[in-house]
Amino acid sequence: MKDYKLIFAVLTVAFVWGTTFLAIRVAVETIPAWFVAGIRQFLASIIMLIILLSRKEFKWIGWKSLGYQIVFAFLMLVIANGMTTVAEETVSSSLASLISACSPILVFLGSVAVGLQKFSIRAFLGVLMCFSGILFIFWDGLQDLSNPDYRMGMIFMFFAITGWASGTIFTKKLNIQSGNITLNLFYQFLFAGIVQIILAFLFSENYNFGNWTFKSISAMLYLSVFGSVAAFFAFHYALTKISPVQVSILAYINTIIAIFLGWLIMDEQISMKFILAAALIICGVFIINYKPEMFRRQKVA
């Protein structure tokens, strides 16, 4: 019998996370980026709190666990998510999604450096393919690097993927047990939201709330409710039915959806070099992360 809940969960993760880059781009049109990131996370924390209270699961997690959540939130939400949002003020959503797809390269190289993973010829070939794709990105937009805003956007994106990779390696290295994931996420979202809103008031040159359009506010709310909460629950439901390796395939679909929507809705220019870069990076990341169980049926007890 087909598991329609699983199919819906997988489609939700693939589509919603694929649309977040577009939603960020729409949100930052009139709302300063740090406000978009901070309000998104803060609203998500409120939603998590309501869920926890309704389940009577809200509690103090202890200073040690809180410390882990703060480090994780700083790397994955404040740096990775926040700087991606800032970058999209000057970088297209399709380019941001493609650079984000490179984060597994840094995860792999960092894991090798700290002894979490062994280097292999197959992985080396995957890394070479990814770097070839990155070269095509810069080749295609080399003249744009003379624009200081675009250049800063690219720098922010590389900080973002470094933060994401560091958070992933941090979790792997310490082998942190998830516990109550909703509870952990509440603390992560709350910390990130407060920090990013403070950064918004410190670094936003013009945050005239009257200039925020309905379209941008709607995109920001979409990011909070769907990008940060609904997709997360769908993702973890999928993990209860299929292996993490199989779920990881969704990352490749996310990138393709983001690039397509950027072209379709935002009229972003997609050249043949960009398409080639995307193919090289996606194939390279796939080769790095390939495991035979990706395509095996997962038996769930």
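Residues numbered from 1 in each chain as written. Predicted model: local features only at pLDDT ≥ 70, side-chain atom pairs only at ≥ 80, totals over all residues. Heavy atoms only, no water.

Enquirer: Can you tell me about a nonpolar patch on the surface, naming the residues and giving the values?
Expert: Taken together, the side chains of F42, I46, I50, I194, I198, L202 and F203 make up a nonpolar region of the molecular surface, amounting to roughly 690 Å² of accessible area. Sorting elements by how many residues they give to the nonpolar patch places helix α8 (residues 181-203) first, with four residues. One can find L202 in helix α8. (Patch = residues over 30% accessible without salt bridge, like charges linked within 9 Å, V, L, I, M, F, W, Y side chains within 5 Å. Areas by Shrake-Rupley, 256 points an atom, 1.4 Å probe, with all protein chains shown as cover. Salt bridge = Lys/Arg side-chain N within 4 Å of Asp/Glu carboxyl O. Helix = DSSP H or I, 4+ residues; strand = E, 2+ residues; numbered from the N terminus.)

Enquirer: Requested: an account of the environment of Q269, with residues and values cited.
Expert: Residue placement: Q269 occurs in the loop between α11 (250-265) and α12 (272-289). You can call Q269 exposed: its relative accessible area is 67%. Here the alpha-carbon distance between Q269 and S92, two residues 177 residues apart in the chain, equals 9.0 Å. (Buried < 20%, exposed > 50% of the residue type's maximum accessible area, 1.4 Å probe, protein only.)

Enquirer: Can you break down the nonpolar core residue by residue, with the values?
Expert: Counting 42 residues, the largest nonpolar core has V36 and M48 as its most contacted members. Those elements giving two or more residues to this core turn out to be α1 (4-27), α2 (33-55), α3 (63-87), α7 (148-174), α8, α9 (214-241) and α11. If near-sequence neighbours (up to four positions away) are discounted, V36 is found in contact with A27, V28, I31, T85, M220 and L223. (Core = buried A, V, L, I, M, F, W, Y, C linked by side-chain atoms within 4.5 Å. Contact = heavy atoms within 4.5 Å.)

Enquirer: How would you sum up unusual backbone geometry? Please name residues and give values.
Expert: With the exception of glycine, the majority of residues adopt a negative phi angle, and the majority of peptide bonds are in the trans configuration. Although it is not a glycine, K56 adopts a positive phi angle of roughly 55°. Within the secondary structure, K56 is located in the loop between α2 and α3. A relative accessible area of 78% places K56 in the exposed class. The backbone of D267 sits at a positive phi, close to 60°, despite the residue not being glycine. Take D267: it is sitting in the loop between α11 and α12. Of the residues examined, D267 reaches a relative accessible area of 56% and is grouped as exposed.

Enquirer: Let's hear about α12: which residues, and what values?
Expert: Under the 1.5 Å per step criterion, the end-to-end length of α12 is 26 Å for 18 residues, consistent within 8% with the ideal 26 Å. Along α12, the positions that sit buried rather than exposed are F274, A277, A278, L280, I281, I282, G284, V285 and I288. (Expected span 1.5 Å × (residues − 1).)

Enquirer: How would you sum up the packing of aromatic side chains? Please name residues and give values.
Expert: The geometry of an aromatic ring pair is captured by the separation of the ring centres together with the interplanar angle, meaning the angle of the planes. The final tally for this structure, using the stated rule, is 12 aromatic pairs. Both rings, one in F35 and one in F201, keep their centres 5.0 Å apart while their planes meet at 80°; by these two values the pair is edge-to-face. Of the two residues, F35 is situated in helix α2 and F201 in helix α8; the sequence distance between them amounts to 166 residues. For F201, a relative accessible area of 44% translates into the label partly exposed. Through a chain of ring-to-ring contacts, three or more aromatic side chains come together here, namely F58, W60, W63, F186 and Y187. (Phe/Tyr/Trp six-rings, centres within 6.5 Å; stacked < 30°, edge-to-face > 60°.)

Enquirer: Give a description of the environment of V285 that names residues and reports values.
Expert: In this structure, V285 sits in helix α12. Classification of V285 as buried rests on a relative accessible area of 4%. If near-sequence neighbours (up to four positions away) are discounted, V285 is found in contact with A101, P104, C130 and Y252.

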